[in-house]
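# Working through the structure, step by step
Chain by chain, the residues run as shown.
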Amino acid sequence: MSHHDVILSAPRDLADSGAPAILQRSDEDFIEAVLASLRDAEGRIALRDNLARPTTIATGTDTRLRARRGGGRDLFNRLRAASRQLGLAGGRVAEAPAASDEKALLEGVRRAAEGTQVLKLFQPIQRQFNLAVMEARCDTPGEPRIDPKRVEGAGMVIRRLVRDAQGREVKQGWMRIGDNLKGWARIGTAADAAASGNRHDPEALRRLARPGTGQPVLDRQVTALLAAQDDALLNESVVPMFVAPPDVCKAAAATLFYGLIPTTSSEKAEGGAPQFDDAAFGPTTADFRNHLVGPLRGLADSFPRPGRALTPDLATIAGNAADTDRNAMKRLLLLLRQLAVEFDAFGDSAEADALMTQLNAIGLPLADAAGKPIEGSRPAGDFLAAAARILLNEESVSPAPTMPAGWPELDTTTRDLLARALSACLQLRFEAVSGMAGRFDDPEARYVLRAFVRLKPEGSCPARTVWGDYSPAFVIAPWYEGSGAPPVQIAMPDPADKDMLAKLKPNVAFTVPASMQNLLSGDPLDLMDGKKPADSGLKLGWICSFNIPIITICAFIVLNIFLSLFDLFFRWMMFIKICIPFPKKGGGES
């Protein structure tokens, strides 16, 4: 006894494809609505309007829908065509003719010349949901539907399309190894082929479970050999697909499956953080060196107020246009911020210690109280660390260090060593802030999905996994892109209606620390001039209550002010703001 082949495809009358049909819906009860439409041919034809729409991108995909297995398919295709004409099982209503096939063909040719067509799927935040729908039937004359009782389970995998070093397209699956999330890993050629059997199941244990030979020793050796392969223990993430309710399958005369296609994910791959591009932004590149401030590039520079004790109030020089040392202070503050923020030079990592060693190898010439150079020098690293605490953090250091005369010009060897130490700190900083790679983080990525059905064993025939075709490639629209769904309307209270304002009681409260309350209680004009109010001496916390609609009104007014200001540069108002009048709602005369 042997299995007959099983065909997985989009529901007939909905799409002519060996891959699931991808529907996009914006209604909240979309699953119930789709299942109701799948009951009859007219409903399936109507669902064509909900098929995901293609978009054009610059780079394409090599993925093609695989050819179905041969073995008498021409005869079956002729029988199927005859069944359609006679209205027998396995036949379906013929596709509705397009309104203008010739125009559609020309439009397709034009778009193909401009770029490659891919589907565009949206995210739930854009109020669009993506549903994959397929049917399973026997590959025998008449193509009867398979018995749902034969199905152990069904699902689909989403795979990413990338290019290898030779420019060839390869597919990657979202993988796990035990309890660890590996992330995107390459799909092997055997697993990507159009074959059935447990060896190509997404689950590792099912791939390793092979029919026994009757020789226990040989079976153990075969299992050990298979388990030793690099990808043997990888489990690919599976999106479940569900059999449609029995009444739906019965009415449609088809075994139908459906599943929600994820376009967002909170999963993060362990060790999958974006890699720092050392070749493009390493210590020897021009971009890296040009990004550094002058002293870190090895250029000589002067310091403000040489010879004077370093105190927090010196930082105000940068805001005084009349001060001759203003530009020198601005350059010093920029140097300190770049070291502290970008490179974390004053941190406790080994890379920061190595950078401080290089900085301390640079001697800063000293100056007397009059600002004239004197003999001696101070290690640059120690001075910069103290200056960052005083000028950036406004700390008082005792004894206060004095301002050196300036920064000397560095020789080539010192420049190179300093650049390498800075680059090592930047790479560590990059790893700390870049985070781990998410499943759908790459905005330029293209994906395909592929569905499968697991069939139960029958008689002497073992269980097996049957795969369908790959879907067309698709991209996931960024969250900020409009999806065409109608906008959400937010009713605003009328601030001119005094009776309405009297009803807007505070419904949210903020606990405000004393320092912030002291700041907010100062003169607004002084705050605009950058003057901090004097400390009142009170250390009381405050609870401030507001009404959320009033906060919304304030935010709406401020938003429109800034939109108008930025429109001077971006010219975006005609795209992002559309205001149309409407009559005031209210009762009319009866």
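Since we're looking at a predicted model, the values are computed, not measured.

The helix and strand tally for the chain stands at 20 helices and 20 strands. Sorting the 590 residues of the chain into buried and exposed places 37% on the buried side. Contacts spanning at least 24 positions in sequence make up 74% of the contacts within the chain whose residues lie at least 6 apart. When the accessible area of the chain is evaluated, it comes to approximately 34,400 Å², of which 57% is carbon and sulfur surface.

This part is about the packing of helix 13 (residues 350–360) against helix 14 (residues 380–392). Contact pair helix 13 / helix 14: the axes reach a minimum separation of 6 Å and the direction vectors enclose 115 degrees. Seen from helix 13, the contacting residues are Met356, Leu359 and Asn360; seen from helix 14, they are Ala380, Gly381, Asp382, Leu384 and Ala385. Residues that form the contact of helix 13 with helix 14 fall into these classes: five nonpolar, two polar and one charged.

Residues Leu296, Leu339, Phe343, Leu355, Leu391, Trp407 and Leu422 are the most contacted members of the largest nonpolar core, which totals 39 residues. Elements with a contribution of two residues or more to this core: helix 12 (326–342), helix 13, helix 14 and helix 15 (412–434). A per-element tally of this core places helix 14 first, with seven residues. In this view, Leu391 contacts Leu310, Thr311, Leu314, Ala315, Met329, Leu332, Leu333 and Leu336; residues no more than four positions away in its chain are not counted. Formed by 33 residues, the second largest nonpolar core is a distinct cluster that contains Ile158, Phe257, Leu449 and Leu455.

A cluster of nonpolar residues, Ile557, Val558, Ile561, Phe562, Leu565, Phe566, Leu568, Phe569 and Phe570, forms a patch on the protein surface that exposes about 940 Å² of accessible area. With respect to the element layout, Val558 can be found in helix 19 (residues 548–570).

The next subject is helix 19. Its 23 residues give helix 19 an end-to-end C-alpha distance of 31 Å, which sits within 8% of 33 Å, the value for a rise of 1.5 Å per residue. Buried within helix 19 are the following residues: Ile553, Asn560, Leu563 and Asp567. The secondary structure elements touched by the buried residues of helix 19 are helix 20 (573–576).

Our focus in this paragraph is the pattern of salt bridges. For the structure shown, the criterion picks out 24 salt bridges. As a salt-bridge pair, Glu203 and Arg206 come within 3.3 Å of each other at their nearest N and O atoms. Asp416 is paired through a salt bridge with Arg289; the nearest N and O atoms lie 2.9 Å apart. A residue pair is termed long-range when its members are at least 10 positions apart, and Asp416 in helix 15 and Arg289 in helix 10 (residues 286–291) qualify at 127 residues. A residue is classified by how much of its surface remains accessible, and Asp416, at 30% relative accessible area, is partly exposed. Here the residues in one salt-bridge network are Arg12, Glu135, Arg137 and Glu143, joined through shared partners.

So, about the packing of aromatic side chains. A complete count under the given rule lists 15 aromatic pairs for this structure. Ring geometry for Phe440 against Tyr447: centres 5.4 Å apart, planes inclined by 80 degrees, an arrangement best described as edge-to-face. For the residue pair Phe440 and Tyr447, the accessibility class agrees, reading buried in each case. Every member of this aromatic cluster is reached through a ring pair, and the members are Trp174, Trp184, Phe440, Tyr447 and Phe474. The ring of Tyr470 has Lys171 sitting right over it, with the charged end atom 4.7 Å from the ring centre. Geometry around Tyr470 places Arg450 over its ring, the cationic atom sitting 4.9 Å from the centre.

Turning our eyes to something else, we now look at the confidence of the model for the chain. Residues at a pLDDT of 70 or more form 82% of the chain, whose mean pLDDT is 83. Ignoring residues within four places in sequence, the model shows residues 64–73, a span with pLDDT below 50, making 20 contacts including any to other chains. Below pLDDT 50 for its whole length, residues 82–100 participates in 23 contacts with residues either more than four positions away or in separate chains.

Moving on to the pairing of strand 8 (residues 180–186). In terms of strand pairing, strand 7 (residues 169–177) meets strand 8 through six bridges, oriented antiparallel. For Ile177, the partnering residue across the bridge sits in strand 8 and is Asn180. Following strand 7, the chain reverses through two residues before pairing antiparallel with strand 8; Gly178 in that reversal takes a positive phi of roughly 65 degrees.

Moving on to the pairing of strand 1 (residues 6–9). Both faces of strand 1 are covered, namely the face carrying Val6 and Leu8 and the face carrying Ile7 and Ser9. The sheet contact formed by strand 1 and strand 5 (residues 129–138) spans four bridges and is antiparallel. By the bridge assignment, Val6 is partnered in strand 5 with Cys138.

Turning our eyes to something else, we now look at the packing of helix 12 against helix 14. Contact geometry of helix 12 with helix 14 gives a least axis separation of 10 Å together with a crossing angle of 105 degrees. For the element pair helix 12 / helix 14, the angle class is roughly perpendicular. Across the interface between the two elements, Met329, Leu332, Leu333, Leu335, Leu336, Arg337, Leu339 and Ala340 of helix 12 pack against Leu384, Ala387, Ala388, Leu391 and Leu392 of helix 14.

One number sums up the size of the largest pocket: a volume of about 1,700 Å³. Sort the elements by how many residues they give to the lining of the largest pocket and helix 19 lands first, with five residues. Here the residues of the lining of the largest pocket sort into 22 nonpolar, six polar and seven charged.

What counts and how
- Residues numbered from 1 in each chain as written.
- Predicted model: local features only at pLDDT ≥ 70, side-chain atom pairs only at ≥ 80, totals over all residues.
- Heavy atoms only, no water.
- Helix = DSSP H or I, 4+ residues; strand = E, 2+ residues; numbered from the N terminus.
- Buried < 20%, exposed > 50% of the residue type's maximum accessible area, 1.4 Å probe, protein only.
- Contact = heavy atoms within 4.5 Å.
- Areas by Shrake-Rupley, 256 points an atom, 1.4 Å probe, with all protein chains shown as cover.
- Axes fitted to C-alpha atoms, helices over the stretch in contact; angles between N-to-C directions.
- Nonpolar A, V, L, I, M, F, W, Y, C, P; charged D, E, K, R; others polar.
- Core = buried A, V, L, I, M, F, W, Y, C linked by side-chain atoms within 4.5 Å.
- Patch = residues over 30% accessible without salt bridge, like charges linked within 9 Å, V, L, I, M, F, W, Y side chains within 5 Å.
- Salt bridge = Lys/Arg side-chain N within 4 Å of Asp/Glu carboxyl O.
- Expected span 1.5 Å × (residues − 1).
- Phe/Tyr/Trp six-rings, centres within 6.5 Å; stacked < 30°, edge-to-face > 60°.
- Lys NZ or Arg CZ within 6 Å of the ring centre and 35° of its normal.
- pLDDT = per-residue confidence, 0-100.
- Pairing = 2+ DSSP bridges.
- Parallel < 35°, antiparallel > 145°, perpendicular 65-115°, else oblique.
- 1 Å grid on protein atoms, 1.4 Å probe; cavity = no way out; pocket = protein on both sides within 12 Å on 5 of 7 lines; lining within 4 Å.
- Points joined across faces, edges and corners; volume = space filled by probe spheres on them.

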